[in-house]
Amino acid sequence: MEEDRLKFKQLHTLRGRAEEFMRETPSIVDKIPREDIQKLVHELQVYQIELEMQNEELRRLQGELEDSRNKYFDLYDLAPVGYFTFNVKGIIKEVNLTGARLLGIERGRLLQRGISQYVVEAFRDVLYAHRKIVLETKERQSCELKMIRVDGSEFYGLVESVADTDGQGEPVGLRCTITDITQQKEAEEERTKLICELEAKNAEMERFIYTVSHDLRSPLVTIHGFLGMLKEGLKEGNTEQVEDSLNWIGYAAARMTNLLEELLELSRIGRLENSRNAFGLDKVTHEAINLLASLIRERGVEIRVKEGLPTVVGYRTRLVEVMQNLIENGVKYMGDQTQPRIEIGARQDGDETVLYVRDNGIGIEEQYQEKVFGLFEKLNSKSNGSGTGLAIVKRIIEIHGGRLWVESAGPGKGSCFCFTIP
Ligand code: ADP
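Residues numbered from 1 in each chain as written. Predicted model: local features only at pLDDT ≥ 70, side-chain atom pairs only at ≥ 80, totals over all residues. Heavy atoms only, no water.

> Is there a simple way to explain the domain arrangement of the protein chain in this structure?
Segmentation of the protein chain into domains returns domain 1 (2-77), domain 2 (82-180), domain 3 (200-271) and domain 4 (277-419). Summarising the inter-unit geometry, the C-alpha centres of domain 2 and domain 3 are found 69 Å apart. (Domains from an automatic or database assignment.)

This is the structure:
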C-alpha cells in the first residue's frame, strides 16, 4: 500500500511537470505527433483513476484497522483477568486496566515496578521459581500466589505465563495473566476444614459407639449372670441367693437406665434452647452453687466466687449445667483434703478471658488430662460417677464456640478446669 501511495505521488508530480513542460515549450510539443500526446495523457488519466481507487481502498482498510485496534484495546483493558508484560527481571512493562485494578493502583504508577512487591513475602520464592522455569522451558506454566494490594488487603492470584522471545528465540520477558481466585480458594479451604471436622467427628463417633456398646453390655452381663444364680436359687429354694440375685439384677438395670438417660442428655445438647442471651456468669455460678448446696455443706467445702465474672452471650441453662458439673466434680474429687476449697473466677490470657473452677482436691496426672473429657472415662473405676459429666461440659462449651481444658500439677495438687466463651 505504501508503495502504491509513493507511485501515485510520483505520477502526480510527473503529470504536473509534463503539463508545465507543454505549457512552457510549446515548440517541442508542437513537434510531437498530436495522437501520441493524447495517448499519453489518456494513459496517465487511467493511471490516476486506478490509483485513486487504490487510495480509497487504503482508506477503507485503515478504518477497519482502527476499528480492530479499538476492539483489541477494549478486550485488553476490560478482560476479566489481569494481563501483564514483564522483562526477565519481573519489571512491569505493560499492564491492562484489570491488572492495575487487581492491585488497587493506577496503571501508570505500576509501570517499571517489580511485581514481587505485590506478592506476599512467604510466596516470593514461588514467584521466582515460576519465572525461572518459564524462561528456561519457554513453555506455558502456572502457579498460585498470595498477593497484596496497595491498601494492604490480600488475595489469591492464579498466574499463567508464557515467555516472550526475540527474533532468535531468546527469552526477553514474560506475558502473564493473573486471575483473582480468592473465592475459589476460600471455598476450597472451607471444604478441607469441613472434611477434617467431619473426619474428626466420625472418629469421635466411632469411639463413642465403641464405649457406649461396651458400657451398656456390662450391666447386661451382670443381669445375665445373676439370672442363672436366680434360677439356681429358686430351684434350691435358697431365698438368700434369690434375694441377692434380684438385688444385683435391680442394680444392673438401674445402672443401665442411668447410662441411657445420660446418653439421651448428651444427644439433646445439639438441640439447644431457642436462642442465646446475654447474662452475667456470676448469677449462673450462684445458681449452680445453690443447686449443690446440700452436697457442699455435707462435705464442708468452702466456695469462693471471685469478683469480675464476665457477661457472656450463650445458652443460660446449659452454662448453669457447666458450672454445676465442674463445681460438683471439685467437691466429689476432694480426696482427704482437710480444708476443701473451690474458687471460681476469670483471668485474662492475652485477649482471651478464661473462666476457671479451681479446687484443692486430688488433682489429675498429666497423662490423664485429655482423657477425662472422653465419654464414660473415669480415672477411678470405683468412684460413683458415670464418666459423662465432663463429656457433656465439653460439648456445651464447644457449641458456644469455646475451649475447655484442665490444668493440674498432678496428684494431690488440685485441679483447675478452664474454659472460654468467645
Ligand atoms: P464422673 O464424675 O461422673 O466420673 P466426669 O466426666 O465428670 O465423670 O469426670 C471424669 C473423670 O475425671 C472422673 O471420674 C474423675 O476421675 C476425673 N475428674 C473430674 N473432675 C475432677 C476433679 N475436679 N479433680 C480430679 N479428678 C477429676
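> Please explain the sheet that holds strand E9 (residues 341-349) as it appears in this structure.
Two pairing modes exist for strands in a sheet, parallel and antiparallel, and in both the strands are linked by backbone hydrogen bonds. Read across the sheet, 5 strands follow the order E7-E9-E10-E12-E11 without closing on themselves; strand pairing throughout is mixed. Each edge of the sheet is formed by a strand with only one pairing partner; in this case those strands are strand E7 (302-305) and strand E11 (404-407). Averaged over all adjacent pairs, the angle separating strand axes in this sheet is 20°, with direction ignored. Bridge analysis of E7 against E9 gives 4 bridges, and the strand direction is parallel. Within the sheet, the bridge partner assigned to Val305 lies in E9 and is Ile344. Across the sheet, helix H9 (residues 281-291) touches E7, E9 and strand E10 (352-359), and the angle it forms with E7 is around 165°. Seen against the sheet, helix H11 (residues 316-332) touches E7, E9, E10 and strand E12 (416-419) and runs at an angle of roughly 130° to E9. (Pairing = 2+ DSSP bridges. Helix = DSSP H or I, 4+ residues; strand = E, 2+ residues; numbered from the N terminus. Axes fitted to C-alpha atoms, helices over the stretch in contact; angles between N-to-C directions. Contact = heavy atoms within 4.5 Å.)

> How should I be thinking about the pattern of salt bridges in this particular structure?
Any two side chains of opposite charge can pair, given that their charged atoms come close. Tallied over the full model, the rule gives 19 salt bridges. Residues Glu287 and Arg316 are paired through a salt bridge, measuring 2.8 Å at the closest nitrogen-oxygen approach. Here Glu287, found in helix H9, pairs with Arg316, found in helix H11; they are 29 residues apart in sequence, far enough to count as distant. For Arg304, the salt bridge identified is with Glu302, shortest N-O distance 3.1 Å. Classification of Arg304 by relative accessible area gives partly exposed; the value is 37%. If you follow the salt bridges from partner to partner, you end up with Glu57, Arg60 and Glu64 in one network. (Salt bridge = Lys/Arg side-chain N within 4 Å of Asp/Glu carboxyl O. Buried < 20%, exposed > 50% of the residue type's maximum accessible area, 1.4 Å probe, protein only.)

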